[in-house]
Amino acid sequence: MRKILLPALLLLTSLAIGQSKKALTHDLYDGWKSVGERLISNDGNFIVYAINPQEGDGEMMIQNIKTGYTKKIARGYNAAITQDSRFAVVKIKPPYQDTRQAKIKKKKPDEMPKDSLVYVLLGTDSIVKIPRIKSYKTPEKGSGWLAYHLDKPMPDSARKKALPDSLKIRIDMLTRLADSMIRISLDSVKGKIEKEEVMAAAKKAVKEIYKKADDAMTEDAEGDDASAATALSEGTELLVKNLVTNTNRSFKLVSDYGFDEKGSLLYIKTTKNTKDTNSRAQVLLYDLKTGIADTIMSGLNDAKNFVFDEAGKQLAFVAERDSSSKALQKFYRLWHWAPGKDTASILADKHTPGMRIGNTVSEYATLRFSQNGQQLYFGTAPVQPARDTTLVDFELARLDVWHYNDDYLQPQQLKQLTQEQRRSYLAVARPGTNQIVQLGSEDAENISLVDEGNAAWVLAESTKGNRSSQQWEGRTKSTAYVVNTTTGERTLIKNNSFGNYTASPRGNYVYWYDPKLQQYFTYNIAAGSIKNISQKIPVPLYDTENDVPDFPRAAGTIGWMSADQYFLIKDEFDIWKLDPNGEEQPQNLTLGYGRQQKIDFGYVSLDPEKRFIENGEPILLSALNKFDKHAGYFLHKAGEAGVPARLEMGAYSSGPVLKARAADQYLWQKATPSSSELYYGSSLAGGVAVTNIAAQQKDYNWFTSELVKWKMLDGKMSEGILFKPENFDPKKKYPVVFYFYERNSDNLYNYRAPAPSASTINIPYFVSNGYLVFDPNIYYKTGEPGQSAYNSVVSAARHLSKMPFVDSTKMGIQGQSWGGYQVAYLITKTNMFRAAGAGAPVANMTSAYGGIRWGAGINRQFQYEKTQSRIGATLWQRPDLYIKNSPLFVADKVNTPLLMMHNDADGSVPWYQGIEFFTALKRLDKKVWMLQYNGEDHNLVERKNRKDLSVRLSQFFDYYLKGAKPAQWIKEGLPATEKGRSWGLQVD
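First, a word on scope: everything that follows refers to the structure included in this document. (Residues numbered from 1 in each chain as written. Predicted model: local features only at pLDDT ≥ 70, side-chain atom pairs only at ≥ 80, totals over all residues. Heavy atoms only, no water.)

The subject of this paragraph is the overall build of the protein. Counting its secondary structure elements, the protein contains 19 helices and 54 strands. Residues classed as buried in the protein amount to 50% of the 988 residues present. Put simply, 56% of the contacts in the protein that link residues at least 6 apart link residues at least 24 apart. Counting every atom, the protein has about 46,300 Å² of accessible surface; 50% of that belongs to carbon and sulfur. (Helix = DSSP H or I, 4+ residues; strand = E, 2+ residues; numbered from the N terminus. Buried < 20%, exposed > 50% of the residue type's maximum accessible area, 1.4 Å probe, protein only. Contact = heavy atoms within 4.5 Å. Areas by Shrake-Rupley, 256 points an atom, 1.4 Å probe, with all protein chains shown as cover.)

Attention shifts here to the environment of Gly76. Tracing the sequence through the fold places Gly76 in strand β5 (residues 76-81). As a C-alpha pair, Gly76 and Gly58 span 18 residues in sequence and 6.9 Å in three-dimensional space. The contacts of Gly76, once residues within four sequence positions are left out, are Gly58, Glu59, Met60, Val90, Lys91 and Ile92.

Another aspect to go through is the environment of Val987. Looking at where Val987 falls in the secondary structure, it is placed in the segment after α19 (968-971). Among the residues examined, Val987 registers a relative accessible area of 43% and is labelled partly exposed. A sequence separation of 17 residues divides Val987 from Ile970, and the C-alpha atoms of the two residues are 9.7 Å apart. When neighbours within four sequence positions are excluded, Val987 is seen to be in contact with Gln955, Lys965, Pro966 and Ala967.

Phi is positive for Arg75, which is not a glycine, with a value near 65°. Exposure remark for Arg75: the relative accessible area of 9% places this residue in the buried category. In this model, Asn78 sits at a positive phi of 55°, which is unusual for a non-glycine residue. On the secondary structure map, Asn78 appears in strand β5.

Among the nine residues of helix α13 (residues 818-826), nine are classified as buried, and the element is accordingly described as predominantly covered. Of the residues making up α13, those classed as buried are Trp818, Gly819, Gly820, Tyr821, Gln822, Val823, Ala824, Tyr825 and Leu826.

It is worth spelling out the sheet that holds strand β11 (residues 247-251) at this point. Read across the open sheet, the seven strands follow the order β5-β6-β7-β8-β9-β10-β11; overall the sheet is antiparallel. Each edge of the open sheet carries a strand with a single partner, namely β5 and β11. For this sheet, the mean angle separating the axes of adjacent strands, direction not counted, is 35°. Pairing between strand β10 (residues 238-242) and β11: five bridges, direction antiparallel. The partner of Val240 across the bridge, within β11, is Arg249. (Pairing = 2+ DSSP bridges. Axes fitted to C-alpha atoms, helices over the stretch in contact; angles between N-to-C directions.)

So, about the side chain of Asp775. With respect to the element layout, Asp775 can be found in strand β48 (residues 772-776). For the buried Asp775, no salt bridge exists, and the shortest N-O distance to an oppositely charged side chain is 5.5 Å, to Arg752. Within the structure, the side chain of Asp775 is placed 2.9 Å from the side chain of Asn744, a separation counted as a polar contact. When neighbours within four sequence positions are excluded, Asp775 is seen to be in contact with Gly720, Ile721, Phe723, Tyr739, Phe740 and Asn744. (Lys, Arg positive; Asp, Glu negative; His and termini not counted. Salt bridge = Lys/Arg side-chain N within 4 Å of Asp/Glu carboxyl O. Polar contact = N/O pair within 3.5 Å; in protein donor to acceptor, adjacent residues only side chain to side chain.)

Further remarks concern the nonpolar core. By size, the foremost hydrophobic cluster in this structure holds 54 residues, and its most contacted members are Phe738, Ile813, Leu898 and Phe917. Once residues within four sequence positions are removed from consideration, Leu898 is found in contact with Val823, Ile827, Ala836, Gly837, Ala838, Phe917, Leu921, Lys927, Val928, Trp929 and Phe956. (Core = buried A, V, L, I, M, F, W, Y, C linked by side-chain atoms within 4.5 Å.)

Here we take up the pattern of salt bridges. Inspection of every chain in the model, using the stated rule, returns 47 salt bridges. With a closest N to O distance of 3.9 Å, Lys464 and Glu442 form a salt bridge. Residue Lys464 is located in the loop between β26 (457-462) and α9 (470-473), and its partner Glu442 is located in the loop between β24 (436-438) and β25 (446-448); the two are separated by 22 residues in the primary sequence. On the basis of relative accessibility, which here comes to 44%, the residue Lys464 falls in the partly exposed class. Under the relative-accessibility criterion, Glu442 is labelled partly exposed at 49%. For the salt bridge of Arg870 with Glu742, the shortest nitrogen-to-oxygen distance reads 3.1 Å. Residue Arg870 is located in the loop between α15 (861-865) and α16 (879-884), and its partner Glu742 is located in the loop between β47 (734-739) and α11 (763-768); the two are separated by 128 residues in the primary sequence. Residue class for Arg870 comes out buried when judged on its relative accessible area of 2%.

Here the focus is the packing of aromatic side chains. Within a pair of aromatic rings, the relevant descriptors are the distance that separates the centres and the angle that separates the planes. What the rule picks out here adds up to 44 aromatic pairs. By way of ring pairs, the aromatic residues Tyr765, Phe766, Tyr771, Trp929, Phe956, Phe957, Tyr959 and Tyr960 are connected into one cluster. For the cation-ring pair, Lys670 lies above Tyr652, with the distance from its terminal atom to the ring centre recorded as 4.6 Å. A cation sits over an aromatic face here: Lys670 above Tyr679, 4.7 Å from the ring centre. (Phe/Tyr/Trp six-rings, centres within 6.5 Å; stacked < 30°, edge-to-face > 60°. Lys NZ or Arg CZ within 6 Å of the ring centre and 35° of its normal.)

As a packed pair, helix α12 (residues 785-801) and α13 sit with axes 9 Å apart at the nearest point and diverge in direction by 80°. Taken together, the axis directions place α12 and α13 in an arrangement best described as roughly perpendicular. Contacts between α12 and α13 pair Pro785, Gly786, Gln787, Ala789, Tyr790, Val793 and Val794 from the former with Trp818, Tyr821, Gln822, Tyr825 and Leu826 from the latter. Across the contact of α12 with α13, the residue classes tally to nine nonpolar, three polar and no charged. (Parallel < 35°, antiparallel > 145°, perpendicular 65-115°, else oblique. Nonpolar A, V, L, I, M, F, W, Y, C, P; charged D, E, K, R; others polar.)

Put into structure tokens, the structure is as follows:
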């Protein structure tokens, strides 16, 4: 009897605990926290991470897990740890409410609350805080230096207004006292000099008062940087701090600055002092070792795109200094500095040998030294004609001319206008010579450097002549070349192919995947030959579940072995080693273990600068079991065949992994439906949980997720995720909302936070409030996207209806975009759903086919012929399929109440698709609502609108699936006369 009663008591206890928890409410969203940015020090001893609410003030945590050291920085973000693992630097946002109030009061930019900065000596309580900064920088691979750029000081009048009332009273009292002292002193002394001295002393006292005010406005400071506090003067000041000696160097009127990689030099660009006619803008070079700042250019109008070489021995930038500020044309030059030079010298301009006639140095192109410092890559561009100032805007026609020979449609041209106006073509200069070599051009517009720019060639690609087909292909063919960096001579690799070309790390090969042939190819630079290097692999190297009428995507690549010896790729599960010359037999390095166990292996790169993998090197593999959705990590020796060594595998989803550069210490994220936490340890097998963010949900009725498999109407198996409330009672009947897009079951163990909706139902909210939510996988057949959705969703609904805890009379469906289309289609074919929600649905494929995705300016034809819409034919080839799959043409069959959202700035699905469906259903006297958020895109961006949609989605489904009273907007709508005064959310 005891054995029988104990489990029963435990079950009753758990049910009682679950039932005592509160349901999630909409007002919880803002405060719901999650892990943000995270870092690990190079020595592995310290970690830095942010915990942020969705709206409001977060915090940055600094910890040493081994010693228990913890330091909390309120409102911290944008952190860095110095190379020597001694200091952490963190920016601090102003309090959220202060910024909010300043916006409400429409404060001027100088009066808005500004960021602060702290730097912390790790492992100690030493914290220094600097108020009102714009930015900071530390050397990427150097130690001991911090540069921070101060913002303009707040005007005294605004500063006083921004203070707390208690501090204002103290300041007023001190100010009156100072005024009294001035009057008494002036009455008691004689002589102008004495009066001036008294005035100066009084002014100094008042300044000290305001200095105390500044300190109070930047609360939480545990230290103070004296130089920073007194440095708030006209202009923007840069302070360069030696963190070891705690000494500063100040530079006035700075507009740009940056360290070299190793932290030995700092460039500084200054501007003119507008109050000094003799002032000149300058470029300074500050030697951090000697403390000497040299002027390497003076009198410039503009300078930008500064770059050091890797050794920190050269500096390059573009600058313009010859034209007046009102000049209609400005010509930039490429400048270069190296040790031994007093000033920077011109390396290239429009007159340099090798510069094409009519071209000049581009001011927009990124500059880059080769890794060995011998080449400097920059951009050239055609000289733009001067603007005709005689033309009057209001007398000129404004139009766009669409032409059948255009590479891109006019909307895409307009979207790309700024990019095209700033387009440049790569060229190379060699310091010490007076000649450049042009590498890129209009028919070789995309250039990639090889071997970090050290190679004697670059890889060029061009889509010229193939761009129009993007309209119906959704992609463009390209032609690839090898371009000699000494002569500019081109060698053709392959013409008009869908392959994406990439150079091997050492520059011995170019490789690509041919999606049509589903094979990998290499081009041998020395031999000039192309080889198919994967044709002997007996398993598919692509997604075998591809269900769009286009080439399947490649399974992916891992990377190159050292010295370009071997190339590592993936099939759907395992890793293969290929000979880039195609001579050796391909080798399955994981011995088919992934395919056997249904585990999809992926390479986890732990060093972003690592260009290739050494033979025998232990590499970390991510793993996802495609059957049960468990995730984990394995270790494998690169280049060697063997079964990977399992570190950990379990019912969770894996997140980003960070490794200390100089130690075997890791920081990574693991998620389950009930938590998403950071872990720290010397191995990914186990580890210590660093965060406990899940504690915030302990008082709320949470959710569980489980994998459900069933047979679809066509007899094939499918799977989906069933979400149940934590207090689930198998004896109750629950309403169900089916949410779907395409296939989401691999996300079984993801953590989902309560959050205002951008377009879809928030699963934690709905489940916490007494719903079941089911997300079924959908498998498609070409030409039958609507029927494919029916095959999956309706079969899933029938399957769930047989479960005793499902109320089959209270089932709803909801989806956005492609999901919204499927919802719209389904309600024309079945009445089994009590209510439906469709965001941005395509209702009429015949009109949507020729429409524009306004966000990118591209035509939508490719979506129907090749990708997601899956028709697989043009409108004139198979008009029957376009009509058959369009809900609009059978709108009279709809009996399900439908809530749509379609916004007037939708950049993906034309807004008129929603209007077409709404007006049809309205005429047919169907129950339909459409939410149109003004100025919003495909998915809502503004948080206020997301909050509004979340409330309306819950009110709508509560009314139809739970019998709740209808809100005013459901029952009566919201007249335009009430816009901005009422939102119709109230319930009578």
